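# Fold and contact review
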Amino acid sequence: QVQLVESGGGLVQAGGSLRPSCAASGLSVSGYVMGWFRQVPGKEREFVAAIKWDGSNTYYSDSVKGRFTISRDNAKNAVYLQMNSLKPEDTAVYYCAAKYGGMGGSSNKVSYSYWGQGTQVTVSS
């Protein structure tokens, strides 16, 4: 059974940093594009960042580019999202997801087969 489990969310002041993690079991992430999405109540789940299976290519939404960094450790079957210079508008539940294959469609949530349960990130002003 495939499981993606996020951790590392929390409450932080504006300008601060957090580093959520995603631990995978039941699959080897080395064959998958891994992505992070976020969602606030009443809104669509939106793309944040994605990373190719070997780490050679990354892609970010415009809203987080230059502030967030996605990385992965295939040996640990884990993916990370370093979030710096956080803003109140970054407040959301953050989800980890896995998509088999290449980076095409990596910003589209329907491309992903597996999802975690989410971790809450709250940024206070």
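### Digging into the overall build of the chain
Tallying secondary structure elements over the chain gives zero helices and eleven strands in all. For the chain, the α and β elements follow one another from N to C terminus as β-β-β-β-β-β-β-β-β-β-β. Here the chain has a C-alpha radius of gyration of 13 Å; the compact-globule value for 125 residues is 14 Å, and the two agree. The principal-axis extents of the C-alpha atoms in the chain amount to approximately 40 × 25 × 25 Å. Across the 125 residues in the chain, those meeting the buried criterion constitute 42%. Of the contacts made within the chain by residues no fewer than 6 positions apart, 59% connect residues no fewer than 24 positions apart. With an accessible surface of roughly 6,100 Å², the chain has 47% of that area assigned to carbon and sulfur atoms.

### So, unusual backbone geometry
Positive phi outside glycine occurs at N77, with the angle close to 55°. Here N77 lies in the loop between β7 (68-73) and β8 (78-83). In this structure N77 comes out as buried when scored by relative accessible area, which is 16%. One non-glycine residue, S85, lies in the positive phi region at around 50°. Checked against the element boundaries, S85 lands in the loop between β8 and β9 (92-100).

Rules and cut-offs
- Residues numbered from 1 in each chain as written.
- Predicted model: local features only at pLDDT ≥ 70, side-chain atom pairs only at ≥ 80, totals over all residues.
- Heavy atoms only, no water.
- Helix = DSSP H or I, 4+ residues; strand = E, 2+ residues; numbered from the N terminus.
- Rg over C-alpha atoms; globule rule 2.2 N^0.38 Å.
- Buried < 20%, exposed > 50% of the residue type's maximum accessible area, 1.4 Å probe, protein only.
- Contact = heavy atoms within 4.5 Å.
- Areas by Shrake-Rupley, 256 points an atom, 1.4 Å probe, with all protein chains shown as cover.

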